[in-house]
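# Tertiary structure, described
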Amino acid sequence: MKLLIVESPSKAKTIEKYLEGAFTVRASVGHVRDLPKSNKAALDIEGGFIPHYEISKGKEKVVHELQGLAEKATEVMLATDPDREGEAIAWHIETLLKQDKKIKAKIERVTFHEITKEAVEEALKHPRKVDTALRKAQEARRVLDRLVGYDLSGLIWKKVRYGLSAGRVQSPALRIIMEREREIRAFVPEKYWRIFGEFEIPSLSPTPLHYYGEGKARGEVETVKKEKINLECNEEPRDEKLVEKILTEGKKGIWVVSGVKETEQKRSPRAPFTTSTLQQTASSRLGYSPSRTMQIAQKLYEAGHITYMRTDSTNVSTVAQGQILAFVKKEYGDKYAEARIYKTKSKNAQEAHEAIRPTHIEQLQAGTDDQARLYRLIWERAVSSQMTDAKLLKTKVTAVVTTPSPSGHSPLAGGEKIPEIPEFGAVGSRLLFPGWLAVDTGARGEDVELPLCKEGEKLKLLTLESEEKFTEPPNRYSEAGLVKELEGRGIGRPSTYASIMRTIEDRGYVRKENKTLFPTDVGEVVSDFLEKYFAEYISDTFTATMEDELDEISRGEREYEKTLKDFYTPFSRDVKSKEKLEKVTNLGDAPANIKCPKCGSTMIIKLSRGGKFYSCSRFPDCNGALMLDGTELKGPEETGEMCPLCGEKKGKSGGGKLVIKQRRDGTGTFISCSRYPKCKFIKKDEAEEARKRTGVMCPICKTGDISERRGRFGIFYSCSNYPDCKFAIKAKPTGNICKLCGSLMMEGTKTIPERCSNKACINHNPHKIPKIDP
């Protein structure tokens, strides 16, 4: 028996189908080992930054199964993803397998850049050893992130607020967001005007063939047809007097076409997608976040529809390029096909990856819903990248206002342009030949056709109006914009962009409104602290240099231990030197008109979990507090009862009291012990608890009711005996039992009213159960 180990179960199914029984294919389900949570247990810094790994929680069964299969195997192939992360997983699996002395089979490494039958069979012909340099680069990144995260986060806990964190890459990303926010705050709007004119222009148009004009030969003749054209002032004046002069002179002067310029332009196709450009385009066109894009792309890759999706290369293999060109010639014609080679912009493009492209060009659609939309985006970009330029005709029309001609003839014969009055103009474009835009229609844009004009032609002014505007600050970053910015500054790599976005949002450092990222008060305070005391370590230069050094380790050009030592020695010294800093409790004085609602004293700005607030300067003698909008913040109110958990044990002098507190999410109040978090008693509201009960008995303990609960990710349903019984499902139970596995059935969607709560049961997705014809 031959054993092939991959990361994903869905990937395992696809490959096993291709190999037709030649290999037993199993999945590690991601990483099988990781660093323990305790930093002291995780790293031996003095011994040379040696990491101590342990089997990840819940992976013991997976490891045991893989070891059992490897004992029976004659050959073991490690086929995890073709990047540093995949190389590290392969090494961890190899290490665990070699610990089992019963395993005699040779262990080798293979990589698939695309999961097709041909690619898998070809890769199996070229096994190799695990790449130590690649594995070391991933290990260096992991250790480096742990060193920075633990040391900086620990300091922030002490000096700013408990529970906050910092990271080697997330903190520079937060700094970039905050720098833009400060630009916006410092921006002073300036008034300006836009001036528009609507004109009537006599355009010549052919008359029908059956018309005979006086003095005209038989056939087409020209008649005057009145058309309208909108022109805008080429300047945006900021002087109101100049605006009035333009309007006055424009309304009484004579308008003449001063220029008509037509130029043919070309638009070249874009390179096939890299990870960052895919995330950016999926965000702008489909509205997907970077993490969502990568989740969908992962599924497409594992199903064999696209090549590997973590890459910063724009290369396309010669075979794939030939297939694309043949497809274009067949479907669109020879004049649409053009072989192109794109230069990868990243100076440290990782490994020998290709760009993201379909594995089968002739397959126009793949997957369902989100997968189909993303696949089509990838397909269009890959195919259009090997097509000819689009040709456009750009037309620019300009007009000026002139004084009347002294002789009364045409303005050009004697009239002069009025000084200080800028030109007015309009720009139009028309597609002459679509080229690559025939496939990538989303990049085309709108045609703007202008009526036929001739230089020297007089225009009739219909309306001339001005619109008062104000200059605007630079836009805040969207997720796609931040990914582009990070890539441009050399911060992060393809595998990290999505996790950076997710981390700064999950930590509460930014909030996302539509697609725009806004820094929160907490994010601002953390960034301010790091910029003030650790500016060097969150700078573009330092972060990009570290990425370059990690790339050098992956190529075997730099030593692991020396790299970490050169960084950590001065870094740890800088962190220790900040231990004596005062805690950042005061973020500045509140405005002079803000007074304490209880004692009338001045107030200062402080930080809570929910953000900034005004606190009485006499705290703790006075606990008066206000929200930034002026609403009074009231502290917990005592109910007059002792805590039944700790109050009775410690007595009135040391025990806790029950107090009414506001929920963090603003959904109401609850009653808990005043000694929280030392005592975690929460009094249940019987009426509320009764409302939340579903009446369905817990299938595990048989005594509790399944009740509604609210967690970090929203509403879910669990046993009322929690934490003694931890049974939980994500939707409301219907009370029915699954006929296939015996688990509880729960509510589904409009199209799937009921589904099994057991994810492993096929009835969890009843719409995917094959229908059997009678």
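Structure first, text after, so check above.
### What about the overall build of the protein?
- Within the protein, the regular secondary structure consists of 20 helices and 30 strands.
- For the C-alpha atoms alone, the extent of the protein along its principal axes is close to 110 × 80 × 65 Å.
- Within the protein, contacts between residues at least 6 apart in sequence are counted, and of these 64% link residues at least 24 apart.
- The centroid of the 131 positive side-chain charges in the protein is displaced by 5 Å from the centroid of its 113 negative side-chain charges.

### Overview of the sheet that holds strand β26 (residues 714–719)
- If you walk across this open sheet you meet the four strands as β24-β25-β26-β27, and the pairing is antiparallel. Each end of this open sheet is capped by a strand with a single partner; those strands are β24 (693–697) and β27 (728–729).
- Relative to β27, β26 runs antiparallel, the two being bridged by two bridges. Bridge pairing in β27 places Tyr717 opposite Ile729.

### Considering helix α15 (residues 497–506)
- Buried within α15 are the following residues: Tyr497, Ala498, Ile500, Met501 and Ile504. One side of α15 carries all its buried residues, which in axial view fall inside an arc of 165°.

### Digging into the packing of helix α11 (residues 318–331) against helix α12 (residues 370–384)
- Contact geometry of α11 with α12 gives a least axis separation of 9 Å together with a crossing angle of 90°. Compared by their axis directions, α11 and α12 come out roughly perpendicular. Between α11, through Ile324, Phe327 and Val328, and α12, the contact on the second element is made entirely by Trp379, Ala382 and Val383.
- Here the residues of the contact of α11 with α12 sort into six nonpolar, no polar and no charged.

### Digging into the sheet that holds strand β23 (residues 682–683)
- Spatially, β20-β21-β22-β23 is the arrangement adopted by the four strands of the open sheet, whose pairing is antiparallel. Among the strands making up the open sheet, the edge pair consists of β20 (637–642) and β23.

### Things to note about the nonpolar core
- Val76, Leu97, Leu482, Leu486 and Leu530 are the most contacted members of the largest nonpolar core, which has 74 residues in total.
- A total of nine residues in this core trace back to one element, the largest contributor, which is helix α6 (residues 132–159).
- With residues up to four places along the chain from it excluded, the contact list for Leu97 reads Ile5, Leu66, Gln67, Ala70, Val76, Ile103 and Ile107.
- Phe112, Phe273, Leu392 and Leu431 belong to the second-largest nonpolar core, a separate cluster that totals 54 residues.

### Structural notes on a negative patch on the surface
- A grouping of Asp239, Glu240, Glu244 and Glu468 is seen on the molecular surface, where their side chains present a negatively charged patch.
- Following the sequence through the fold, Glu468 ends up in strand β14 (residues 458–470).

### Quick word on unusual backbone geometry
- Of note, the bond from Phe619 into Pro620 is cis; its omega dihedral lies within 30 degrees of zero at 15°.
- Position of Pro620 among the secondary structure elements: in the loop between β18 (611–616) and β19 (625–626).
- In this structure, Val29 takes a positive phi of about 55° despite not being glycine.
- Looking at the element boundaries, Val29 is found in the loop between β2 (24–27) and β3 (33–34).
- On the basis of relative accessibility, which here comes to 43%, the residue Val29 falls in the partly exposed class.
- In this structure, Asp369 is a non-glycine residue whose phi angle is positive, near 50°.

### What about the packing of helix α7 (residues 170–186) against helix α16 (residues 521–533)?
- At a closest axis distance of 10 Å, the pairing of α7 and α16 adopts a crossing angle of 105°. The angle between α7 and α16 falls in the class roughly perpendicular. Taking contact as the criterion, the partners of Ser171, Leu174, Arg175, Met178, Arg182 and Arg185 in α7 are, on α16, Gly523, Glu524, Val526, Ser527, Asp528, Leu530 and Glu531.
- For the contact of α7 with α16, the residue count by class is four nonpolar, three polar and six charged.

### Digging into the environment of Lys417
- Mapped onto the elements, Lys417 comes out in the loop between α13 (411–414) and β13 (424–433).
- With 161 residues separating them in the primary sequence, Lys417 and Val256 have C-alpha atoms 9.3 Å apart.

### Examining the pairing of strand β8 (residues 106–109)
- Examined bridge by bridge, strand β7 (residues 75–78) and β8 share four bridges and lie parallel to one another. Pairing of Val76 across the sheet is with Ile107, part of β8.

### Overview of the environment of Tyr533
- Looking at the element boundaries, Tyr533 is found in helix α16.
- Its relative accessible area of 24% is what places Tyr533 among the partly exposed residues.
- For the pair Tyr533 and Leu247, spaced 286 residues apart in sequence, the C-alpha to C-alpha distance is 56 Å.
- Non-local contacts of Tyr533, meaning those with residues more than four positions away in its chain, are made with Lys578 and Leu581.

Here is what the cut-offs are and how they apply
- Residues numbered from 1 in each chain as written.
- Predicted model: local features only at pLDDT ≥ 70, side-chain atom pairs only at ≥ 80, totals over all residues.
- Heavy atoms only, no water.
- Helix = DSSP H or I, 4+ residues; strand = E, 2+ residues; numbered from the N terminus.
- Contact = heavy atoms within 4.5 Å.
- Lys, Arg positive; Asp, Glu negative; His and termini not counted.
- Charge placed at Lys NZ, Arg CZ, Asp CG, Glu CD.
- Pairing = 2+ DSSP bridges.
- Buried < 20%, exposed > 50% of the residue type's maximum accessible area, 1.4 Å probe, protein only.
- Arc of directions from axis to C-beta.
- Axes fitted to C-alpha atoms, helices over the stretch in contact; angles between N-to-C directions.
- Parallel < 35°, antiparallel > 145°, perpendicular 65-115°, else oblique.
- Nonpolar A, V, L, I, M, F, W, Y, C, P; charged D, E, K, R; others polar.
- Core = buried A, V, L, I, M, F, W, Y, C linked by side-chain atoms within 4.5 Å.
- Patch = residues over 30% accessible without salt bridge, like charges linked within 9 Å, V, L, I, M, F, W, Y side chains within 5 Å.
- Areas by Shrake-Rupley, 256 points an atom, 1.4 Å probe, with all protein chains shown as cover.
- Salt bridge = Lys/Arg side-chain N within 4 Å of Asp/Glu carboxyl O.

Coordinates in, geometry out; function isn't part of it.
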